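Descriptive structure summary
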Amino acid sequence: GVVTGLEQVPGEGDIRILQVTLSGVRGEEPFPVLLAPAEALESIGFVVREGDRLKLKCFTDDNGPARAHKVMNLSRGTMVRVRTLRQIPLWNNQGAWQGGAPRRQPGHAGGGPHGGRN
């Protein structure tokens, strides 16, 4: 889907988590997904901005927003895993990143429509 909104919301461990709202997923209803702490994503160079196209694997929940397992930013050519298959976040209780580095899509310049790594 296309990112139509970004906000930081309370998440696992009372840490602020970047939530993206996507359009074009499951019809026309906005689809909110929790990613990871914004600072953790920034520390590894994974960028998400409004207008970016994302492809996600996520865990859905009837009582709240979905939680991303993997997120691929098609606009910027990067992919990162943010939770394990057992839904364990890949950041510590202070929000510091403990997962791997983002992967780049082969042959993708990485700039996307917004130019570079903003």
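Residues numbered from 1 in each chain as written. Predicted model: local features only at pLDDT ≥ 70, side-chain atom pairs only at ≥ 80, totals over all residues. Heavy atoms only, no water.

What to know about the nonpolar core
Counting residues in each nonpolar core, the largest one holds 27 residues, and the members touching the most others are V20, V33, L35, V82 and W97. Going through the elements one at a time, β1 (2-10), β2 (16-23), β3 (31-34), α1 (38-43) and β5 (66-73) are the ones with two or more residues in this core. At 4 residues, β2 tops the list of elements feeding residues into this core. What V82 contacts, discounting residues up to four positions off in sequence, is L35, A36, L41, A68, H69, I88, P89, L90, W91 and W97. (Core = buried A, V, L, I, M, F, W, Y, C linked by side-chain atoms within 4.5 Å. Buried < 20%, exposed > 50% of the residue type's maximum accessible area, 1.4 Å probe, protein only. Helix = DSSP H or I, 4+ residues; strand = E, 2+ residues; numbered from the N terminus. Contact = heavy atoms within 4.5 Å.)

Here we look at unusual backbone geometry
One non-glycine residue, Q87, lies in the positive phi region at around 70°. Looking at the element boundaries, Q87 is found in the loop between β6 (78-81) and β7 (103-104). Of the residues examined, Q87 reaches a relative accessible area of 31% and is grouped as partly exposed.

Comments concerning the side chain of N73
For N73, the position within the fold is in strand β5. For N73, the side chain forms a polar contact with the main-chain oxygen of V47, separated by 2.8 Å. When sequence neighbours within four positions are dropped, the list of residues in contact with N73 reads F46, V47, V48, D52, R53, L54 and T78. (Polar contact = N/O pair within 3.5 Å; in protein donor to acceptor, adjacent residues only side chain to side chain.)

Observations regarding the environment of R83
Following the sequence through the fold, R83 ends up in the loop between β6 and β7. Each C-alpha atom of the pair R83 and G99 lies 8.5 Å from the other, and the pair is 16 residues apart in sequence. Those residues in contact with R83 that lie beyond four places of it in its chain are E12, L34, L35, F59, R67, A68, H69, I88, P89, L90 and W91. In this structure the side chain of R83 is engaged in a polar contact, spanning 2.9 Å, whose partner is the side chain of E12.

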